[in-house]
Amino acid sequence: MIAVKVSAMMFLPTQYLKPGMVLARDLFFSVSSNYHALLLGKGQRLTDIFINKIAMYNITGVYIESALTSDIEIDEPLKPSLKKEILKDVKNAYEGFAARTMLSDEGVDSLLDLAKTLVDDILSREKSMVNLIDLKSYDNYTYHHCLSVALLSVTTGASLGLNRSCLNDLAFSALLHDIGKMVIPIEIINKPSALTEEEYRIVQQHPQDAFLFLQRKHQISAAVLGAIQSHHEKFDGTGYLSGKKGTQIPLYARILAVADVFDALTSNRPYRKQCFPNEVIEYMMGC
């Protein structure tokens, strides 16, 4: 059984940090897509100045020392080298789509291989706990969101008893599920107020844009394409684009939808602050 710890008690979102708290881990910030520099070291007692710096670098949260959690050991969500490689390849694929260029066969094969490696890494953690919020601390939201959704989706799929081949497809679907958003104007993506009807229509097109783009690649299966195309459908039929409901929605798409919403609502966005995981779970159960 893989135990995914969505939020350890010693991990606090930045907005809840207080002077006097002590860092339980080194804290890094992004200098570039390939390099992270040390911001504050383990054991550092926080001050208002340090807390403001953490917020300035858009770091979602940090680990603090707590007697209540001194016996809990939290693993890194992924091996740093694997995380770096996945983010690089996802970034290349998404930027290629934004430029309306085709993904090379080599690029698709590389992502497929990384999806399989991701599944192997997750399944190897039979008794480990990981904190998914660790993936939210740096760089570009889109790429880290896709990685978080992949981690959540594969873990969910494994708990449902899906075989390794299915999990590989699920991971690959998750890594590419939001590629269609790359052609949405950035002012719509980051708009702090409600979208107009026309803006929302543009947003709703991104699953179909991704489907039409990716279906040209022979290595991408129909199951993966269906998951990407339908990941915004809702079980009650109120989703988009087709208004599918219940089991009309492919299983992979249903898993992606849950993982997508969970990660989105536990992330800081320009139009709202992140929510605690327990609040998100309660909200999702209510839906």
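Summary of the structure given here. (Residues numbered from 1 in each chain as written. Predicted model: local features only at pLDDT ≥ 70, side-chain atom pairs only at ≥ 80, totals over all residues. Heavy atoms only, no water.)

## Describing the packing of aromatic side chains
- Considering all chains together, one arrives at 3 aromatic pairs under this definition.
- Ring centres of Y94 and Y143 lie 5.9 Å apart, and the angle between their planes is 85°; this geometry places the pair in the edge-to-face category. With Y94 in helix α2 (residues 80-98) and Y143 in helix α4 (residues 141-159), this residue pair connects regions lying 49 residues apart in the sequence. Just as Y94 is buried, Y143 falls in that class too. (Phe/Tyr/Trp six-rings, centres within 6.5 Å; stacked < 30°, edge-to-face > 60°. Helix = DSSP H or I, 4+ residues; strand = E, 2+ residues; numbered from the N terminus. Buried < 20%, exposed > 50% of the residue type's maximum accessible area, 1.4 Å probe, protein only.)

## Some words on the environment of S230
- Looking at where S230 falls in the secondary structure, it is placed in the loop between α9 (222-229) and α10 (251-265).
- Sequence separation of S230 and Y240 is 10 residues, and the distance between their C-alpha atoms is 7.6 Å.
- Setting aside residues up to four positions removed in sequence, S230 forms contacts with K244, I249, P250 and A253. (Contact = heavy atoms within 4.5 Å.)

## A short note on the environment of L39
- Note on placement: L39 falls in strand β4 (residues 35-40).
- Looking at L39, the relative accessible area reads 18%, which means it is buried.
- Linking L39 and I54, residues 15 residues apart in sequence, is a C-alpha distance of 8.3 Å.
- If we ignore the near neighbours within four places in the chain, the residues touching L39 are L27, F28, F29, K53, I54, Y57 and I59.

## Topic: the pattern of salt bridges
- Inspection of every chain in the model, using the stated rule, returns 6 salt bridges.
- A salt bridge links D120 to R164, with the nearest nitrogen and oxygen atoms 2.4 Å apart. Of this pair, D120 sits in helix α3 (residues 105-123) while R164 is found in helix α5 (residues 164-176), placing the two residues 44 residues apart along the sequence.
- In this structure D120 comes out as partly exposed when scored by relative accessible area, which is 40%.
- The class for R164 is partly exposed, based on a relative accessible area of 43%. (Salt bridge = Lys/Arg side-chain N within 4 Å of Asp/Glu carboxyl O.)

## Some thoughts on the packing of α2 against α3
- Closest axis-to-axis distance for the α2/α3 pair is 10 Å, and the angle between their directions is 145°. Crossing of α2 against α3: the hand is left-handed. Each of L82, E85, I86, D89, V90 and A93 in α2 lies in contact with α3, whose residues at this interface are S110, L111, L114, T117, L118 and D121.
- Class assignment for the residues of the contact of α2 with α3 results in 7 nonpolar, 2 polar and 3 charged. (Axes fitted to C-alpha atoms, helices over the stretch in contact; angles between N-to-C directions. Left-handed = near helix turned anticlockwise from the far one by under 90°. Nonpolar A, V, L, I, M, F, W, Y, C, P; charged D, E, K, R; others polar.)

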